[in-house]
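Each chain is listed here by its residues.
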Amino acid sequence: MISHQIVIRYTQKNLKSLCYYLYGDEYFYEGKLNMYQMFFMTFIATPIFIQYHFVYKRKGYLPMFKGGSGTSIMHTNLDEKNALLLVKKHYKWLVLNVTSLGLGLFWLIGSSFFMLWAKRIGS
């Protein structure tokens, strides 16, 4: 998918800055990321983007940091302050991740629907 390739390109280009906000260390990943690591970053970017737009703008806090320790379970350095800085400095990355995930789910569900529909028509 082209959208996911754009996400990979943006992530590789801004890897030090993204790693600083997510992990607290600019050199957390020394080389190129593999697909598992890219999907892991996508699954942290999506809730930040969605919670920022649907909760933070109305209520003034991010629910993923509300209860308990105040940090993310997946990324120990990621707290509400770093998440807001991530939104401020890498908003394009968040939008690309959400778009890529949405298109991927659309193709997965859509292709499954058409395969089931074709099977039903064929029998």
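A.B. asks: I'd like a description of the packing of helix α3 (residues 35-59) against helix α4 (residues 80-89), backed by residues and values.
C.D. replies: Following both chains from N to C, one finds α3 and α4 inclined at 95°, their axes separated by 11 Å at the closest point. Taken as axis vectors, α3 and α4 run roughly perpendicular relative to one another. Where α3 abuts α4, its residues Ile48, Tyr52 and Tyr56 lie against Glu80, Ala83, Leu84, Leu86 and Val87.

A.B. asks: Would you mind going over the packing of aromatic side chains in detail, with residue names and values included?
C.D. replies: Tallied over the full model, the rule gives eleven aromatic pairs. Their ring planes at 70° and their centres at 5.6 Å tell us that phenylalanine 106 and tryptophan 107 sit as a pair that is edge-to-face. Considered together, phenylalanine 106 and tryptophan 107 belong to a single accessibility category, that of exposed residues. Between phenylalanine 114 and tryptophan 117, the ring centres sit 5.8 Å apart and the planes meet at 55°, which makes this aromatic pair tilted. Remark: tryptophan 117 and phenylalanine 114 occur in helix α5 (residues 91-122); sequence separation between them is three residues, near one turn of the helix.

A.B. asks: Pulling in residues and values, what's your account of the nonpolar core?
C.D. replies: Of all hydrophobic cores here, the largest spans 27 residues; its most connected members are Leu22, Met41, Ile48 and Trp93. Of all elements in the fold, only α1 (2-13), α2 (15-23), α3, α4 and α5 reach the threshold of two or more residues within this core. Broken down by element, this core gets its largest block of residues, seven residues, from α3. Those residues in contact with methionine 41 that lie beyond four places of it in its chain are Thr11, Leu15, Cys19, Leu22, Tyr23, Tyr29, Leu33 and Trp93.

A.B. asks: Quick rundown of α3? Include the residues and the values.
C.D. replies: Helix length check: α3 (25 residues) gives 35 Å between terminal C-alpha atoms against 36 Å at 1.5 Å per residue, within 8%. For α3, the principal kink sits at tyrosine 52 and spans about 45°. Among all positions of α3, only Gln37, Met38, Met41, Thr42, Ile44, Ala45, Thr46, Ile48, Phe49, Gln51, Tyr52 and Val55 are buried. Turning to α3, the residues buried within the fold contact α1, α2, α4 and α5. Taken from the residues just after α3, glycine 60 is the one with a positive phi, measuring 90°.

Each value, and the rule that gives it
- Residues numbered from 1 in each chain as written.
- Predicted model: local features only at pLDDT ≥ 70, side-chain atom pairs only at ≥ 80, totals over all residues.
- Heavy atoms only, no water.
- Axes fitted to C-alpha atoms, helices over the stretch in contact; angles between N-to-C directions.
- Helix = DSSP H or I, 4+ residues; strand = E, 2+ residues; numbered from the N terminus.
- Parallel < 35°, antiparallel > 145°, perpendicular 65-115°, else oblique.
- Contact = heavy atoms within 4.5 Å.
- Phe/Tyr/Trp six-rings, centres within 6.5 Å; stacked < 30°, edge-to-face > 60°.
- Buried < 20%, exposed > 50% of the residue type's maximum accessible area, 1.4 Å probe, protein only.
- Core = buried A, V, L, I, M, F, W, Y, C linked by side-chain atoms within 4.5 Å.
- Expected span 1.5 Å × (residues − 1).
- Bend = angle between axes of the 7 residues up to and from the residue.

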